[in-house]
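Structural characterization, general
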Amino acid sequence: MATPISKITGIGPHSANVLMENGYTSVESIANTKIVDLTQVPGFGIARARKIIDAAKALLKTEKAASATTSKKKKKKPSPKKVASKKDKKKTKKEKNKAKKVAEKKLSKKEKKKKSNKGKKKKKASAKKKK
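The following paragraphs examine the structure supplied in this document. This one's a predicted model, so the numbers in the text were calculated from it and none came from an experiment. (Residues numbered from 1 in each chain as written. Predicted model: local features only at pLDDT ≥ 70, side-chain atom pairs only at ≥ 80, totals over all residues. Heavy atoms only, no water.)

Next up on the list: the overall build of the protein chain. Helix and strand counts for the protein chain stand at five helices and zero strands. Written out in order from the N terminus, the α and β elements of the protein chain read α-α-α-α-α. Put simply, of all contacts in the protein chain between residues at least 6 apart along the chain, 43% involve residues at least 24 apart. When the accessible surface of the protein chain is summed, it comes to about 11,800 Å², and 58% of that surface belongs to carbon and sulfur atoms. (Helix = DSSP H or I, 4+ residues; strand = E, 2+ residues; numbered from the N terminus. Contact = heavy atoms within 4.5 Å. Areas by Shrake-Rupley, 256 points an atom, 1.4 Å probe, with all protein chains shown as cover.)

Our focus in this paragraph is a positive patch on the surface. On the surface, a cluster of positive charge is made up of Lys94, Lys98, Lys101 and Lys105. The residue Lys101 is located in helix α5 (residues 86–130) in this model. The exposure class of Lys101 is exposed, given its relative accessible area of 55%. (Patch = residues over 30% accessible without salt bridge, like charges linked within 9 Å, V, L, I, M, F, W, Y side chains within 5 Å. Salt bridge = Lys/Arg side-chain N within 4 Å of Asp/Glu carboxyl O. Lys, Arg positive; Asp, Glu negative; His and termini not counted. Charge placed at Lys NZ, Arg CZ, Asp CG, Glu CD. Buried < 20%, exposed > 50% of the residue type's maximum accessible area, 1.4 Å probe, protein only.)

Attention now goes to the nonpolar core. Generally speaking, a soluble globular protein has its nonpolar side chains buried in company with each other. In this structure, Ile5, Ile8, Ile11, Leu19, Ile30 and Leu38 are the most contacted members of the largest nonpolar core, which totals 20 residues. Sort the elements by how many residues they give to this core and helix α4 (residues 46–70) lands first, with seven residues. Here Leu19 is in contact with Ile5, Ile11, Tyr24, Ile30, Leu38, Val41 and Phe44, once residues within four sequence places are set aside. (Core = buried A, V, L, I, M, F, W, Y, C linked by side-chain atoms within 4.5 Å.)

This part takes up the packing of aromatic side chains. Counted under the stated rule, the structure contains zero aromatic pairs. The aromatic ring of Phe44 is capped on one face by Arg48, whose charged end is 4.3 Å from the ring centroid. (Phe/Tyr/Trp six-rings, centres within 6.5 Å; stacked < 30°, edge-to-face > 60°. Lys NZ or Arg CZ within 6 Å of the ring centre and 35° of its normal.)

Moving on, we come to the side chain of Ser15. If you trace the backbone, Ser15 turns up in helix α1 (residues 13–21). According to the relative accessible area criterion, Ser15 is buried, its value standing at 12%. Not counting residues within four places of it along the chain, the set of residues in contact with Ser15 comprises Phe44 and Arg48.

Of all the positions in α1, only Ser15, Ala16, Val18 and Leu19 are classed as buried. Here the buried residues of α1 occupy an arc of 160° about the axis, which is enough to place them on one side. Structural note: α1 exposes Pro13, His14 and Glu21 on the side pointing more than 90 degrees away from its buried face. Looking one or two residues beyond α1, the residue adopting positive phi is Gly23, at roughly 95°. (Arc of directions from axis to C-beta.)

With that settled, consider the side chain of Ser26. Checked against the element boundaries, Ser26 lands in the loop between α1 and α2 (27–31). Filtering out sequence-adjacent residues up to four positions away, Ser26 remains in contact with Ala2, Thr3 and Ile5.

To continue, consider the environment of Ala49. Checked against the element boundaries, Ala49 lands in helix α4. Leave out the neighbours within four places in its chain, and Ala49 touches Ile35, Leu38 and Thr39.

Structural data, given as structure tokens:
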């Protein structure tokens, strides 16, 4: 639905008639025109044309915002629980494998330390016997 020109700030009844006589019948038509085109209308210089076009654009924005808030909002349906995809399953398997490897490395390091400590103890014990 086209918004009447008279709702634009700075447009009175006389200016509205002049604009309508020159083919500007709605706020949308003024908001979408170029400044140069609007200056061809009698009584509209560059400064006034710029102000009127800006006012028309602002009016359209406020009307769109008002219509968006008054329109019924759709209720969001709760999203269904996500089913693990093959990729997700692969990721979890990879993560588990990494955790296992890390644990095995830690164990192997501990075992190596134990073995090296046993060797050191044996050397110490044999060194004491020799004395």
